[in-house]
Amino acid sequence: MSTFFHQAGTAMECLSIPITLHKESVLDHEGREVHRCGFKIGGGIDQDFRKSPQNYSDNGIYVTEVQESSPAAKAGLRVNDKILQCNGYDLTMCTHKKAVDYIKKYPVLNMLVARKGVTHS
């Protein structure tokens, strides 16, 4: 089973790329400290991947945007990366909201991602 045609709940074998992202601490418009990571995601088991503007092939969590010079860009995250795990939490069987909440929760993200075209180390 390909990483990019994965059915949630089934085993898969793939090469994963480790990414460690240290969020930036910034102040929001009300002066509160927030942690900025500089990327957006799409997908999730509650989303219909056939309707995604990015033409994804499964219900995984995918990176849809990486802001230039952001912590995500500096860590090596790329648009269309499929996030498999974040801090040991399995994102292959996760709703979109749970993935967003989990990513927002921690100041450091240790992720495993799959990237199309990467087949060996």
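Quick caveat, the model's predicted, so the values are computed rather than measured. (Residues numbered from 1 in each chain as written. Predicted model: local features only at pLDDT ≥ 70, side-chain atom pairs only at ≥ 80, totals over all residues. Heavy atoms only, no water.)

Draft legend 1. Region of interest: the overall build of the protein chain. The secondary structure content of the protein chain amounts to two helices and eight strands. Taken from the N to the C terminus, the helices and strands of the protein chain come in the order β-β-β-β-β-α-β-β-α-β. When the 121 residues of the protein chain are sorted by exposure, 35% land in the buried category. When contacts within the protein chain are restricted to residue pairs at least 6 apart in sequence, those whose partners lie at least 24 apart make up 61%. (Helix = DSSP H or I, 4+ residues; strand = E, 2+ residues; numbered from the N terminus. Buried < 20%, exposed > 50% of the residue type's maximum accessible area, 1.4 Å probe, protein only. Contact = heavy atoms within 4.5 Å.)

Draft legend 2. Examining the pairing of strand β1 (residues 17–22) more closely. Here β1 shows a buried face lined by Ile-17, Ile-19 and Leu-21 and an unburied face lined by Pro-18, Thr-20 and His-22. Sheet analysis places β1 next to strand β8 (residues 108–114), joined by six bridges and oriented antiparallel. Residue pairing in the sheet places Leu-21 in a bridge with Leu-109 of β8. (Pairing = 2+ DSSP bridges.)

Draft legend 3. Highlighting the side chain of Thr-92. Relative to the helices and strands, Thr-92 resides in the loop between β7 (89–90) and α2 (96–105). Engagement of the side chain of Thr-92 in a polar contact is seen with the side chain of Asp-90, the distance being 2.6 Å. (Polar contact = N/O pair within 3.5 Å; in protein donor to acceptor, adjacent residues only side chain to side chain.)

Draft legend 4. Looking closely at the pattern of salt bridges. If you walk through the whole model with that rule in mind, you get eight salt bridges. Across the salt bridge formed by Glu-24 and Arg-36, the nearest N and O atoms sit 3.0 Å from each other. Of this pair, Glu-24 sits in strand β2 (residues 24–27) while Arg-36 sits in strand β3 (residues 33–36), and the two are 12 residues apart along the sequence. In this structure Glu-24 comes out as partly exposed when scored by relative accessible area, which is 28%. Classification of Arg-36 by relative accessible area gives partly exposed; the value is 28%. A salt bridge links Lys-40 to Glu-65; its shortest N-O distance comes to 3.8 Å. Linking Lys-40 in strand β4 (residues 39–43) with Glu-65 in strand β5 (residues 61–66), this pair joins segments that are 25 residues apart in sequence. Judged by its relative accessible area of 44%, Lys-40 falls in the partly exposed class. It is possible to trace a salt-bridge network through shared partners that takes in Asp-28, Glu-30 and Arg-32. (Salt bridge = Lys/Arg side-chain N within 4 Å of Asp/Glu carboxyl O.)

Draft legend 5. The side chain of Lys-23, seen in detail. Looking at the element boundaries, Lys-23 is found in the loop between β1 and β2. Comment: no salt bridge for buried Lys-23; closest opposite-charge side chain is Asp-101, at 10 Å. Of note is the side chain of Lys-23, whose polar atom sits 3.4 Å from the backbone oxygen of Lys-104. Among the polar contacts made by the side chain of Lys-23, one reaches the main-chain carbonyl oxygen of Tyr-106 at a distance of 2.8 Å. Every residue in contact with Lys-23, bar those within four places of it in the chain, is listed here: His-35, Arg-36, Cys-37, Pro-71, Ile-103, Lys-104, Lys-105, Tyr-106, Pro-107 and Leu-109. (Lys, Arg positive; Asp, Glu negative; His and termini not counted.)

Draft legend 6. Layout of the packing of aromatic side chains. One pass over the structure, following the stated rule, counts three aromatic pairs. Aromatic side chains Tyr-56 and Tyr-62 sit 3.9 Å apart centroid to centroid with 5 degrees between the ring planes, which places their arrangement in the stacked category. Comparing Tyr-56 with Tyr-62 shows no difference in burial state: the two are buried. Clustering of aromatic rings is evident, with ring pairs tying together Tyr-89, Tyr-102 and Tyr-106. (Phe/Tyr/Trp six-rings, centres within 6.5 Å; stacked < 30°, edge-to-face > 60°.)

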